[in-house]
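Residues per chain are reported as follows:
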Amino acid sequence: MDSRTLRNLMRIVQTGSLSAAAEHSCLTVQALAAQLNKVEEQFGFRLFRRSNKGLTLTPQGTELTPYMDRVLIATRQMEEKVEALKVPGQRPLKVALNNTLSADFNRRMIGRLIEVFPDYQMEFSYAESMENLSKLKNEDFDLAVLIGPQRPGLPSIVLPDVQVQVVGAHCGQENDPLTLLGNKFQVRPAEDCPYSHSFLRFLDAGLGNHENGQRMVYSCSETLTLSLITQMDAVGMVSREAAQKNGLTIFPGFEDFLEVRLAVNNPELSSQALNDVVDLPLHERAERNVRSRPNRHTEKEVFAEIRT
């Protein structure tokens, strides 16, 4: 059974009338009735009950209709894809940029992607890492900029010398004693959040261990974390630029640096093209030394922090 016959059958389902469906299908009633009889003969059961009031689905037809509908949707999507592939420059490439990074960084990334993939129709969106990860898994995005370590089962390329600096932030004064900060409500990054390991290092760097009854809530969004810190007089983990932009106090003596990756969800993209993307000098290189601190987990030279 071809897709045209399937569409004609669905028109009968929608109209409940052979004549109305035949008119929509640009067929005679006799021709459409012959198609229906042939399909029912192939299936070995009736799809419709005939009466003076029209056609209604049989129990078998009712169970089969959702499958017919899904086949038509998939067929239409495939036909659209085939047509898009016929026309140079019309192949879609969906890219999820990261709004934790600066507008200048994203502008440069857009320009580089357009340069490297001239035969694609680029579609861009902005979101945080967790939402971008969901877009890769559930919305068929081809590329996404993610913060943090490699995700299992998801190929990615590290953007050289591009890092996000994260800090502990709160609404108090910079000289507040550690015991006061330790008693604050904690906004902890959720386990899958790219800031989660940094938050543990933050605790180790100064706040120390806490009792089981410590008041806390989990967040997988920097935007939500910023809101909770201010609304609940809490302490949490955000990027340095986000903390400064929102007037928060940064915990002294701690900073952590997270790498930035271009995650790939499209096997058709060539390795050379992706290497061309990440080889772009997205910013000027500026060396700086990270201060050492007892119990610090990261003591190394880093380059060119990202501005949000």
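Rules and cut-offs
- Position numbers for residues count from 1 along each chain, tracking the sequence in the order it is written.
- The model is predicted, so local features are restricted to residues of pLDDT at least 70 and side-chain atom pairs to those at 80 or more, both for listing and for counting; the totals for chains, interfaces and linings are taken over all residues.
- Side-chain figures throughout are based on the complete set of non-hydrogen atoms in the structure, without hydrogens or water.
- UniProt positions are given in the numbering used here, feature names are shortened, and annotations may be inferred rather than shown by experiment.
- A simple rule labels every residue: compare its accessible area, found with a 1.4 Å probe on the protein chains alone, to the largest value its type can have, and call it buried under 20%, exposed over 50%, or partly exposed in between.
- Counting from the N terminus, the helices are DSSP H or I runs at least four residues long and the strands are E runs at least two residues long.
- In this description, one arc is meant: the one made by directions from the helix axis to the C-beta atoms.
- Residue contacts follow a heavy-atom distance rule, with two residues in contact if any of their heavy atoms lie within 4.5 Å.
- Polar contacts, as used here, are pairs of N or O atoms within 3.5 Å; protein pairs need one atom able to donate a hydrogen and one able to accept it. Residues neighboring in sequence count only if both atoms are side-chain atoms.
- Note on pairing: two strands pair once DSSP finds at least 2 bridges between them.
- Among the buried residues, those of types Ala, Val, Leu, Ile, Met, Phe, Trp, Tyr and Cys that are joined through side-chain atoms within 4.5 Å form a nonpolar core.
- Lines fitted to the C-alpha atoms define the axes, with helices restricted to the stretch that makes contact. Angles between their N-to-C directions range from 0 to 180 degrees.
- Here the word oblique covers every angle except those under 35 degrees (roughly parallel), over 145 (roughly antiparallel) and from 65 to 115 (roughly perpendicular).
- Left-handed describes a crossing whose near helix is turned anticlockwise from the far helix by less than a right angle; the clockwise case is right-handed.
- Here the term charged refers only to Asp, Glu, Lys and Arg, the term nonpolar to Ala, Val, Leu, Ile, Met, Phe, Trp, Tyr, Cys and Pro, and the term polar to all other amino acids, Gly among them.
- We call Phe, Tyr and Trp rings a pair once their centres come within 6.5 Å, taking the six-membered ring for Trp, and we label the pair stacked below 30 degrees between planes, edge-to-face above 60, and tilted otherwise.
- The criterion is that NZ of a Lys, or CZ of an Arg, lies within 6 Å of the ring centre and within 35 degrees of the ring normal, and then a charge sits over that ring.

The name recorded for the chain in an unreviewed UniProt entry is LysR family transcriptional regulator, from Pseudomonas monsensis. Taken verbatim from the UniProt record of the chain, the Sequence similarities (unreviewed entry) comment is "Belongs to the LysR transcriptional regulatory family."

To continue, consider helix H6 (residues 129-138). Listing the buried residues of H6 in full gives Ser 129, Asn 132, Leu 133, Lys 135 and Leu 136. Down the axis of H6, the buried side of the element spans an arc of 155 degrees, and every buried residue falls inside it. Seen from the buried face of H6, the exposed residues on the opposite side, beyond 90 degrees, are Lys 137 and Asn 138. Buried residues along H6 sit against strand E3 (91-98), strand E4 (120-127), strand E5 (143-147) and strand E11 (256-264). Downstream of H6 by a residue or two, Asp 140 has a phi angle that is positive, lying close to 60 degrees.

This part covers the side chain of Asp 256. Tracing the sequence through the fold places Asp 256 in strand E11. Here Asp 256 falls in the buried class, since its relative accessible area comes to 2%. Side-chain polar atoms of Asp 256 contact the side chain of Ser 198, separated by 2.8 Å.

Glancing now at the pairing of E5. The buried fraction of E5 is high, at five of five residues. Across the two faces of E5 the burial is the same, with Leu 143, Val 145 and Ile 147 and Ala 144 and Leu 146 all buried. As paired elements, E3 and E5 share two bridges and run parallel to each other. Among the inter-strand pairings, Ala 96 is bridged to a residue of E5, identified as Ala 144.

Moving on, we get to the nonpolar core. Core analysis: the biggest nonpolar cluster contains 38 residues, and Phe 117 and Leu 143 have the highest contact counts within it. Residue contributions to this core peak at five residues, all from helix H5 (residues 103-116). In terms of nonpolar packing, the next biggest core, distinct from the first, is built from 16 residues, Leu 9, Ile 12, Leu 18 and Leu 55 among them.

Right, let's talk about the packing of H5 against helix H11 (residues 271-278) for a bit. Axis separation between H5 and H11 bottoms out at 9 Å; the angle between their running directions is 150 degrees. Comparing their axes, H11 and H5 come out roughly antiparallel. Between H5 and H11 the crossing geometry is right-handed. Here Met 109, Arg 112, Leu 113 and Val 116 of H5 come into contact with H11, specifically with Ala 273, Asp 276 and Val 277. Within the contact of H5 with H11, the residues separate by chemical class into five nonpolar, no polar and two charged.

Bringing the packing of aromatic side chains into the picture now. Overall, the coordinates contain five aromatic pairs when judged by the stated rule. Considering the side-chain rings of Phe 202 and Phe 251, the 5.0 Å spacing of their centres and the 90 degrees angle between planes classify their relative orientation as edge-to-face. Here Phe 202, found in helix H8 (residues 196-207), pairs with Phe 251, found in the loop between strand E10 (249-250) and E11; they are 49 residues apart in sequence, far enough to count as distant. Each member of the aromatic cluster is reached from another via a ring pair, and the members are Phe 199, Phe 202, Phe 251 and Phe 254. Geometry around Tyr 67 places Arg 70 over its ring, the cationic atom sitting 4.7 Å from the centre.

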